[in-house]
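Next come the chains, spelled out residue by residue.
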Amino acid sequence: APSPSAPSPGPSWNTLMLFRALYFLGGISGSTWGRFSTVYYSAKGLSASQIGVIEGVMPIVTGAIQPLWGILADYTGGRKAVYCLTRIINTAVLMLLAFPSVSVGFERLFLISLAMSLFVA
C-alpha cells in the first residue's frame, strides 16, 4: 500500500490526450470566432460603428468580470468547476447566434455578445 505522502500516479494517457485535444479545440474555436466575428456582424447588417461598439465593449466587460470569477473560484475552491461552468455557458450563449430568429438586429447581437463576455473565466 502506498504511503500517504506518495504522489498519485496522475491521469491516464487517454485522459491526458482528451484534455489536450479539448484545450486545443477550445483555443482554435475562440481564435476563429475572434477573427471572423466582424465578418459575421457585417453579414447580419450591422454598420461599422455598431460592430466597433460590440468589439470594443467585449474586452472591457471581460476584463472587469474575470477577477470576479477568480474570486469565486478562490472562495469556493472550485477552480475547475468555475472554469467549466463559464465555458459551458459561454459556448451556449455563442450558439444562440446560430438561430436566425434570435440573432437579428444590433440590440440582440449586442446582448448576446455582452452575455458571452460575462462568462469568460
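Residues numbered from 1 in each chain as written. Predicted model: local features only at pLDDT ≥ 70, side-chain atom pairs only at ≥ 80, totals over all residues. Heavy atoms only, no water.

1. Digging into the overall build of the protein chain
Working step 1: Tallying secondary structure elements over the protein chain gives four helices and zero strands in all.
Working step 2: Mapped in sequence order, the helices and strands of the protein chain form the string α-α-α-α.
Working step 3: Whereas a compact globule of 121 residues would reach a radius of gyration of roughly 14 Å, the protein chain reaches 19 Å, over 25% beyond that.
Working step 4: Projected onto its principal axes, the C-alpha coordinates of the protein chain cover approximately 65 × 30 × 20 Å.
Working step 5: Per-residue burial for the protein chain yields a buried fraction of 21% across its 121 residues.
Working step 6: Taking the intrachain contacts of the protein chain between residues at least 6 apart in sequence as the baseline, contacts between residues at least 24 apart amount to 62%. (Helix = DSSP H or I, 4+ residues; strand = E, 2+ residues; numbered from the N terminus. Rg over C-alpha atoms; globule rule 2.2 N^0.38 Å. Buried < 20%, exposed > 50% of the residue type's maximum accessible area, 1.4 Å probe, protein only. Contact = heavy atoms within 4.5 Å.)

2. Structural notes on the packing of helix α3 (residues 79–95) against helix α4 (residues 105–118)
Working step 1: Interhelical geometry of α3 versus α4 gives an angle of 165° and a closest axis separation of 8 Å. By the criterion of interaxial angle, the relationship of α3 to α4 is roughly antiparallel. Crossing hand, α3 versus α4: left-handed. Facing N90, V93 and L94 of α3, the residues of α4 in contact are I112, A115 and M116.
Working step 2: For the contact of α3 with α4, the class distribution of residues is five nonpolar, one polar and no charged. (Axes fitted to C-alpha atoms, helices over the stretch in contact; angles between N-to-C directions. Parallel < 35°, antiparallel > 145°, perpendicular 65-115°, else oblique. Left-handed = near helix turned anticlockwise from the far one by under 90°. Nonpolar A, V, L, I, M, F, W, Y, C, P; charged D, E, K, R; others polar.)

3. Focus: the confidence of the model for the protein chain
Working step 1: Here the protein chain averages 87 in pLDDT, and 93% of its residues register 70 or above.
Working step 2: Here helix α1 (residues 13–43) stands out as the element of the protein chain with the lowest mean pLDDT, 83, in contrast to helix α2 (residues 48–76), whose mean of 94 is the highest. (pLDDT = per-residue confidence, 0-100.)

4. Observations regarding the nonpolar core
Working step 1: Residues Y40, Y41, L46, I51, I54, M58, V93, L97, F106, L109, I112 and M116 constitute the largest nonpolar core, which totals 12 residues.
Working step 2: Counting residues per element, this core draws most heavily on α4, which supplies four residues. (Core = buried A, V, L, I, M, F, W, Y, C linked by side-chain atoms within 4.5 Å.)

5. A few points about the environment of T62
Working step 1: Following the sequence through the fold, T62 ends up in helix α2.
Working step 2: For T62, a relative accessible area of 16% puts it in the buried group.
Working step 3: Separated by 58 residues in the primary sequence, T62 and V120 have C-alpha atoms spaced 6.4 Å apart.
Working step 4: Residues contacting T62, with those up to four places away along its chain left out, are S117 and V120.

6. Re α2
Working step 1: The end-to-end C-alpha distance of α2, which contains 29 residues, comes to 42 Å, matching closely the 42 Å that a straight helix rising 1.5 Å per residue would cover.
Working step 2: Bending of α2 peaks at approximately 25° at the position of I65, with proline P67 no more than four residues after it.
Working step 3: Buried residues of α2: I51, I54, M58, V61, T62, I65, W69 and A73, and no others.
Working step 4: Packing partners of the buried residues in α2 comprise α1, α3 and α4.
Working step 5: Looking one or two residues past α2, G77 carries a phi angle of roughly 75°, positive in sign. (Expected span 1.5 Å × (residues − 1). Bend = angle between axes of the 7 residues up to and from the residue.)

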